[in-house]
Amino acid sequence: MRYISTRGEAPVLGFGEAMLTGLARDGGLYVPETIPTLLVDEIRALGGLSYEETAFRVMRPFVGDAFSDDEFRTAIAKAYQGFGHTARAPLVQLAPNHFLLELFHGPTLAFKDFAMQLIGQLFQIALKREGRRVTIVGATSGDTGSAAIEAFRGLDNVDVFILFPEGRVSEVQRRQMTTPSEANVHALALKGDFDDCQARLKDMFNHFEFRDAVGLAGVNSINWARVLAQVVYYFTSAVSLGAPDRTVSFTVPTGNFGDIFAGYIAKRMGLPIDNLVIATNQNDILHRCLTRGRYQMDGVKPSISPSMDIQISSNFERALFDAYGRDGKAVSALMAEMKETGGFTVSQGAIQALRDLFASGRVSEEETLATITAMHKATGELLCPHTAVGVAVADVNRDRNVPMITLATAHPAKFPDAVEKATGQRPGLPERMGDLFSRPERVTSVPNDLAALEALVHERRKA
Ligand SMILES: Cc1ncc(COP(=O)(O)O)c(C=O)c1O
Ligand SMILES: N[C@@H](CCOP(=O)(O)O)C(=O)O
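Quick caveat: nothing in here was measured; it's all calculated off a predicted structure.

Trainee: Is there a simple way to explain the environment of threonine 54 in this structure?
Mentor: Structurally, the position occupied by threonine 54 is in helix H3 (residues 51-63). For the pair formed by threonine 54 and tyrosine 233, sequence separation is 179 residues and the distance between their alpha carbons is 8.9 Å. Setting aside anything within four residues of it in sequence, one finds threonine 54 in contact with Leu46, Leu49, Val232, Phe235 and Thr236.

Trainee: How should the packing of aromatic side chains be read in this particular structure?
Mentor: Each aromatic ring pair is specified by the distance between its two centres and by the angle formed by the two planes. Evaluation of the coordinates by the stated rule reveals 20 aromatic pairs. Considering the side-chain rings of tyrosine 80 and phenylalanine 114, the 5.9 Å spacing of their centres and the 40 degrees angle between planes classify their relative orientation as tilted. Here phenylalanine 114 lies in helix H5 (residues 112-130) and tyrosine 80 lies in helix H4 (residues 69-80), a separation of 34 residues in the sequence. Each member of the pair, tyrosine 80 as well as phenylalanine 114, is classed as buried. An aromatic cluster is built from Tyr51, Tyr80, Phe83, Phe114, Tyr233, Tyr234 and Phe250, whose rings are joined through pairwise contacts. The cationic tip of arginine 73 hangs over the ring face of phenylalanine 56; the distance from NZ or CZ to the ring centre is 3.8 Å.

Trainee: Can you walk me through the layout of surface pockets in this structure?
Mentor: In this approach, a probe sized like a water molecule rolls over the atoms, and the result shows the empty space that is left. By volume, the largest pocket is sized at about 490 Å³. If you trace the largest pocket, you find 24 residues lining it, with Arg7, Lys202, Ile312, Met338 and Lys339 closest to the centre. Of all the secondary-structure elements, those providing two or more residues to the lining of the largest pocket are helix H8 (194-206), helix H13 (316-323) and helix H14 (328-341). No other element matches the seven residues that H8 contributes to the lining of the largest pocket. For the lining of the largest pocket, the residue count by class is eleven nonpolar, six polar and seven charged.

Trainee: Which parts of the structure should I look at to understand the site of ligand 2?
Mentor: Ligand 2 sits among 13 residues. The nearest are Thr140, Asp143, Thr144, Ser221 and Asn256. Side-chain polar atom of threonine 144 to an oxygen atom of ligand 2: 2.7 Å apart, as the coordinates give it. When ligand 2 is considered free in solution it has 340 Å² of accessible area, and contact with the protein chains removes 95% of it. If you map ligand 2 onto the pockets, it falls in the largest cavity. Each residue belonging to the shell around ligand 2 can be placed in one class, and the counts come to two nonpolar, eight polar and three charged.

Trainee: When you look at the side chain of lysine 112 in this model, what are you seeing that I'm missing?
Mentor: Inspection of the secondary structure assignment puts lysine 112 in helix H5. Buried charge without a partner: lysine 112 forms no salt bridge, and the closest opposite charge is aspartate 143, 6.3 Å away. A distance of 3.2 Å separates a polar atom in the side chain of lysine 112 from a polar atom in the side chain of threonine 144. Those residues within four positions of lysine 112 in sequence are excluded, and the remaining contacts are Asp143, Thr144, Ala147 and Arg226.

Trainee: Teacher, can you tell me more about the packing of helix H12 (residues 285-292) against helix H15 (residues 348-357) here?
Mentor: Two elements in contact, H12 and H15, have axes whose closest approach is 9 Å; the angle formed by their N-to-C orientations is 115 degrees. Judged by the twist between their axes, the crossing of H12 over H15 is left-handed. In this structure, H12 contributes Cys289, Leu290, Thr291 and Arg292 to the contact, and H15 contributes Ile351, Leu354 and Arg355.

Trainee: Looking at this structure, how should I read the UniProt feature "domain: Tryptophan synthase beta chain-like PALP" (unreviewed entry) in the protein?
Mentor: UniProt annotation of "domain: Tryptophan synthase beta chain-like PALP" (unreviewed entry) refers to residues 99-332 when read in the numbering used here. The span residues 99-332 is 45% helix and 18% strand, and its two end C-alpha atoms sit 39 Å from each other.

Trainee: Would you mind showing me how to read the pairing of strand E14 (residues 404-408) here?
Mentor: Side-chain positions along a regular strand alternate between the two faces of the sheet. Burial runs high along E14: five of the five residues are buried. Residues of E14 alternate between two faces, with Met404, Thr406 and Ala408 on one and Ile405 and Leu407 on the opposite face, all of them buried. Sheet topology places strand E4 (residues 98-102) next to E14; five bridges connect them, and they run parallel. Residue histidine 98 lies in a different strand from E14, and its bridge partner there is methionine 404.

Trainee: Looking at this structure, I do not really get the packing of helix H6 (residues 143-152) against helix H7 (residues 171-178). What am I missing?
Mentor: To describe two helices that pack against each other, one gives the angle between their axes and the distance between the axes. Packing of H6 against H7 brings their axes to within 9 Å, and their N-to-C directions diverge by 30 degrees. The orientation of H6 with respect to H7, classified from their angle, is roughly parallel. Crossing of H6 over H7 shows left-handed handedness. Along its contact with H6, which presents Asp143, Gly145, Ser146 and Ile149, the element H7 presents Gln173, Gln176 and Met177. By residue class, the composition of the contact of H6 with H7 is two nonpolar, four polar and one charged.

Conventions and cut-offs
- Residues numbered from 1 in each chain as written.
- Chains lettered and ligands numbered in written order.
- Predicted model: local features only at pLDDT ≥ 70, side-chain atom pairs only at ≥ 80, totals over all residues.
- Heavy atoms only, no water.
- Helix = DSSP H or I, 4+ residues; strand = E, 2+ residues; numbered from the N terminus.
- Contact = heavy atoms within 4.5 Å.
- Phe/Tyr/Trp six-rings, centres within 6.5 Å; stacked < 30°, edge-to-face > 60°.
- Buried < 20%, exposed > 50% of the residue type's maximum accessible area, 1.4 Å probe, protein only.
- Lys NZ or Arg CZ within 6 Å of the ring centre and 35° of its normal.
- 1 Å grid on protein atoms, 1.4 Å probe; cavity = no way out; pocket = protein on both sides within 12 Å on 5 of 7 lines; lining within 4 Å.
- Points joined across faces, edges and corners; volume = space filled by probe spheres on them.
- Nonpolar A, V, L, I, M, F, W, Y, C, P; charged D, E, K, R; others polar.
- Near = heavy atom within 4 Å.
- Polar contact = N/O pair within 3.5 Å; in protein donor to acceptor, adjacent residues only side chain to side chain.
- Areas by Shrake-Rupley, 256 points an atom, 1.4 Å probe, with all protein chains shown as cover.
- Sits in = over half its atoms within 2 Å of the grid points.
- Lys, Arg positive; Asp, Glu negative; His and termini not counted.
- Salt bridge = Lys/Arg side-chain N within 4 Å of Asp/Glu carboxyl O.
- Axes fitted to C-alpha atoms, helices over the stretch in contact; angles between N-to-C directions.
- Left-handed = near helix turned anticlockwise from the far one by under 90°.
- UniProt positions renumbered as here; feature names shortened; annotations may be inferred.
- Pairing = 2+ DSSP bridges.
- Parallel < 35°, antiparallel > 145°, perpendicular 65-115°, else oblique.

Put into structure tokens, the structure is as follows:
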């Protein structure tokens, strides 16, 4: 299996190197050269299998010879053994033909654990085999950072630096990043928003001297392995509702476009998905782009679903690449225009291709709170605000005859203030995290400045 860049100018890589490389050297994102498909019978045969076995069968064709079957199976088994639910990603019914896919039973209580726990295992195998050490730098609006720290803390051959926007993540999210005491973990509070964090991260990747000197690696959804691991739960949930003999739809609370892009890959692999719905909060650039045909930045507005406060949606580039018939030059031109002017217009053909694949909706702050309140009253479920955005959009975008699965992307206890405001109930953290608020915090405040950040990484990493 070969991986190519969305900008068409970077070396073609195998799965292992694409995973360790992160951003392609032309500034693009790696995607598989071809998308493997599963036969209808192969999808049907997933019924009744464990999450781990399904994960193996769904992901194996993408991995090529980077890992042996034994290595890959062991990595999957270790990745999910610490999850707090035997199904790993259980479905809960909200209403007739509307289901929640609970993706928050991993160690840091958000969907990011599904991929991060796995790539933590795969990195360890690959780095040990190659006698290599890497410096991971990650950008987070709250959840990727804690999941990455959990997956890589204490490892000998990895330093982890996480950039998060100062004052714009929830207290639980911040403490998850700032309280681990391992020396290889560095939480950096950047003066700016998530887009600034992600832009500086990409600048580091595009600064080859720095990148090569520190052995830079990425665990954001820049990394194809992140997206791949998220494809699995589209299969487990759809199959448990009758796929491939029944079509299902998904609504996905969306920011950086990684999770919904994983759903698109599942569909390309043969999973019968009727509708893939993008749900955005008031940072609705993706919804506006789908409806108006223009991707136009207008400033990040802090919201009660802070993990989705994103304007530069990294993985949308992967969708554009396919919508433009895999024309890397066209994608490069769009990305350059966005950097220069803050926006670009999508061609008629490409926007039509995107509209054929995705529906979209936007939810205000008030609607988000009202959805948490209404769902609590109707079902007793406490929704995190990101999930509530999904549920609200799903409700107006669903065909009552087709099962709709809304992704529940985080545990409500990560955002207790919003949940309490909407329901009067303050969701509690699992017992194992009970001391989160009494542990000492370790964090460095950093400017939104590439040279200063690179100097800090150089100084702190273990050479
Ligand atoms: C809780 C939560 N929900 C939804 C999202 C959006 O996911 P994506 O960035 O893959 O679109 C994120 C962050 O990415 C998140 O942390
Ligand atoms: N919402 C994310 C933003 C980063 O997304 P990623 O999927 O590209 O890592 C977060 O919680 O950090």
